[in-house]
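Geometric and topological summary
Single-letter residue listing:
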Amino acid sequence: MTAPPSTSPLISIEAALTTDRTIADASATATIRPVYIETYGCQMNVADTELVASILREAGYRIVNEVEAADIILINTCAVRENAEERVFGRVSQLYGLRARNPGLTIGILGCMAQHLAAELPQRAPFVDLVMGPDSYRRLPAILAQTSDETLLDVRLSRAENYVGVEPSRKTGTNAWVTIIRGCDKFCTFCIVPFVRGRERSLDSGEILHQVHNIAAEGFREVTLLGQTVNSYNDGHTDFADLLRTVAAVDGIERVRFTSPYPRDFTARTIEAMAQTAEVCPALHLPVQSGSDQQLDAMQRGYSIAEYRDLVSKLRQAIPNLAMTTDIMVGFCGETEENFRETCELMEGLRFDSAFMFKYSERSGTQAHRAIADDIPESVKGERLTRIIKLQESISSEINQKWIGKTVEVLVEGVSKRPAADGSATSFGRSLQAKTVIFPEMAAPNSIVQVRVHSSTSHTLMGTLVV
Ligand code: 5AD
């Protein structure tokens, strides 16, 4: 996993979905409304965009990669922090400008922010035509077929919607996302997710295996299992540990990853399954949030720092060369300088490979918003964030330096955005530990190669191909 280079929590992923080639002739093209989808937020949103694309294609729509070519623009959004939502408001106002050229342009907001701000969105962005939450996507074609002067809202949450039978329109590449559990029942006091993604429900393991077989047949070598609390998976017959083993056993699947597990639900059986299954990569993102028991209590995380440390030591004992990453939130309600120092100590002690670090952002509807004061001044939050990023950067650099001189197995993704010093193109891919590896030789995307590391930064390993 790549660590964030800055404090910006948002990843904007343009849904680089391949343009549908099923359209037979030009007359058909004229009647089919082209759709452009832009995705913000976590990997689950990326996976949801693949569902939306599939549902729309089934209904006869065409997915395009250029916003200017679209008749319908859908923004799949995040609500986890306020700046995620502000950024989307900025983006939709900008997109509204396109309507001058195309008066029939439909603009829709999908996903977590749509769910969170359904009541205020029509006032704040009256030009938005539709607002749909994460459980409403099957009804998207029906909503798009309606015409109305009012913003159309569909934000009903469902206890059952798992999009069974919808085969996601996966982006071609090396990694396929598979959502195995939707929603969240943890209700951490700071978190909006249970309110915007609804109750936890696991997809039937038969359906998951069906998807993984298709993924392997399409040529993907890597699968990442997704869920807000992915290791809480249980469909009534199969738990997460067993699912890992079964997915890894599918022919053609060589790398299995998952994100994000919840510390309290991490079982000995899962550690054992990871350790005993060669295809399960030695890389784990395990959000800790804080190094202070007092803060973890206020967040209602349901574990203590001693328990978290114990879990990490069991994982590291069982899985050689395990790369660990985490999420840290600074400036949550009541966080004292002493609490923050405990977080720094935890980071120094556990030495994560990298971390996503955030300032607490109060979210309406959460327990913290209702019951605890957001009392840490913005300046203090900012200062703590800067300090912890600096600390983590130096740890990440030191850890990556240990790879120098070693040969790593890389699943090639393609041509890197970062050219060599002389301007020539470089290739990039990921190591088993999910580190980005850059090398000057050209290698076919989706091939697995060996790269000898000669240098590193806090985010990247650089090396040369070993033949
Ligand atoms: N403010 C800041 N960060 C948050 N996260 C979740 N909710 C908030 C919030 N209200 C962070 C947590 C979580 C990650 C996905 O986002 O660290 O693990």
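About the criteria used
Residues numbered from 1 in each chain as written. Predicted model: local features only at pLDDT ≥ 70, side-chain atom pairs only at ≥ 80, totals over all residues. Heavy atoms only, no water. Near = heavy atom within 4 Å. Polar contact = N/O pair within 3.5 Å; in protein donor to acceptor, adjacent residues only side chain to side chain. Areas by Shrake-Rupley, 256 points an atom, 1.4 Å probe, with all protein chains shown as cover. Helix = DSSP H or I, 4+ residues; strand = E, 2+ residues; numbered from the N terminus. Axes fitted to C-alpha atoms, helices over the stretch in contact; angles between N-to-C directions. Parallel < 35°, antiparallel > 145°, perpendicular 65-115°, else oblique. Left-handed = near helix turned anticlockwise from the far one by under 90°. Contact = heavy atoms within 4.5 Å. Nonpolar A, V, L, I, M, F, W, Y, C, P; charged D, E, K, R; others polar. Buried < 20%, exposed > 50% of the residue type's maximum accessible area, 1.4 Å probe, protein only. Pairing = 2+ DSSP bridges. Salt bridge = Lys/Arg side-chain N within 4 Å of Asp/Glu carboxyl O. Core = buried A, V, L, I, M, F, W, Y, C linked by side-chain atoms within 4.5 Å. Phe/Tyr/Trp six-rings, centres within 6.5 Å; stacked < 30°, edge-to-face > 60°.

**What to know about the site of the ligand**
Neighbouring the ligand are the residues Val-80, Arg-81, Phe-190, Gln-289, Asp-327, Met-329, Phe-358, Lys-359, Tyr-360, Ser-361 and Arg-363. Asp-327 places a polar side-chain atom, nitrogen or oxygen, 2.6 Å from an oxygen atom of the ligand. Burial of the ligand by the surrounding chains reaches 86%, relative to a free accessible area of 410 Å². At the level of secondary structure, the elements contributing two or more residues to the shell around the ligand comprise β14 (323-330) and β15 (354-359).

**Describing the packing of helix α8 (residues 205-217) against helix α9 (residues 240-248)**
Their axes nearest at 10 Å, the elements α8 and α9 cross at an angle of 25°. As far as their axial angle goes, α9 and α8 are roughly parallel. Helix-helix and strand crossings are classified by hand; for α8 and α9 the assignment is right-handed. Of the residues in α9, those in contact with Ser-205, Ile-208, Leu-209 and Val-212 of α8 are Leu-243, Thr-246 and Val-247. Split into classes, the residues belonging to the contact of α8 with α9 amount to 5 nonpolar, 2 polar and no charged.

**Thoughts on the side chain of Arg-197**
Along the polypeptide, Arg-197 turns up in helix α7 (residues 193-197). What makes Arg-197 buried here is its relative accessible area of 3%. Apart from the residues lying within four places of it in its own chain, the contact partners of Arg-197 are Met-44, Asn-45, Asp-48, Cys-112, Pro-134, Asp-135, Leu-157, Arg-182, Gly-183 and Gln-228.

**Considerations on the sheet that holds β14**
Pairing between the strands of a sheet is mediated by backbone hydrogen bonds and can be parallel or antiparallel. Sheet architecture is open: 3 strands sit in the order β13-β14-β15, paired in parallel fashion. The sheet terminates laterally at β13 (283-285) and β15, the two strands that pair on one side only. Sheet twist, expressed as the mean angle between neighbouring strand axes with direction ignored, is 10°. Where β13 lies against β14, 3 bridges are found, and the strand directions are parallel. Paired with Leu-284 across the two strands is Met-324, which belongs to β14.

**Quick notes on the pattern of salt bridges**
A side chain with one charge can pair with a side chain of the opposite charge if their charged atoms come near. What the rule picks out here adds up to 32 salt bridges. Residues Asp-129 and Arg-99 are paired through a salt bridge, measuring 2.7 Å at the closest nitrogen-oxygen approach. In this pair, Asp-129 sits in the loop between α5 (121-124) and β6 (130-132) while Arg-99 sits in the loop between α3 (82-96) and β5 (106-111), placing the two residues 30 residues apart along the sequence. The partly exposed category is assigned to Asp-129, whose relative accessible area is 24%. Assessed through its relative accessible area of 18%, Arg-99 is described here as buried. Where Glu-167 meets Arg-170, a salt bridge forms, and the shortest distance between an N and an O atom there is 3.6 Å. On the accessibility criterion, Glu-167 (26% relative accessible area) is partly exposed.

**Quick look at unusual backbone geometry**
Backbone torsion omega between Thr-259 and Ser-260 reads -10°, so that peptide bond is classified as cis. Take Ser-260: it is sitting in the loop between β12 (255-259) and α10 (268-276). A positive phi angle, close to 75°, is found at Gln-289, a residue other than glycine. Topologically, Gln-289 is positioned in the loop between β13 and α11 (293-299). By relative accessible area, which is 8% here, Gln-289 ends up buried. We note that Arg-351 has phi near 50°; this positive angle belongs to a residue other than glycine.

**Regarding the nonpolar core**
By size, the foremost hydrophobic cluster in this structure holds 58 residues, and its most contacted members are Ile-180, Leu-225, Phe-258 and Leu-315. The residues touching Leu-315, leaving out its near neighbours within four places in the chain, are Phe-266, Ile-271, Met-274, Leu-284, Leu-286 and Leu-322. Within the second largest apolar cluster, 24 residues are counted, among which are Ile-75, Ile-107, Met-113 and Val-128.

**Side note on the environment of Ser-431**
Along the polypeptide, Ser-431 turns up in strand β17 (residues 427-431). C-alpha of Ser-431 to C-alpha of Cys-281: the two residues are 150 residues apart in sequence and 9.2 Å apart in space. When near neighbours in sequence (up to four residues on either side) are disregarded, Ser-431 contacts Arg-255, Arg-257, Val-408, Glu-409 and Val-437.

**A word on the sheet that holds strand β18 (residues 436-439)**
The 5 strands are arranged β16-β17-β18-β20-β19 in a closed barrel whose pairing can be described as mixed. For this sheet, the mean inter-axis angle between neighbouring strands, taken without regard to orientation, is 50°. Pairing analysis gives 5 bridges linking strand β16 (residues 407-415) to β17, with the strands arranged antiparallel. The residue bridging Val-415 from the neighbouring strand is Ser-427, located in β17.

**Here's the deal with the packing of aromatic side chains**
Going through the model one piece at a time under the given rule, you end up with 9 aromatic pairs. Ring geometry for Phe-190 against Phe-332: centres 6.2 Å apart, planes inclined by 80°, an arrangement best described as edge-to-face. Here Phe-190, found in the loop between β9 (181-182) and α7, pairs with Phe-332, found in the loop between β14 and α13 (337-350); they are 142 residues apart in sequence, far enough to count as distant. When its relative accessible area of 10% is taken as the criterion, Phe-190 is described as buried. With relative accessibility at 0%, the residue Phe-332 sits in the buried group.

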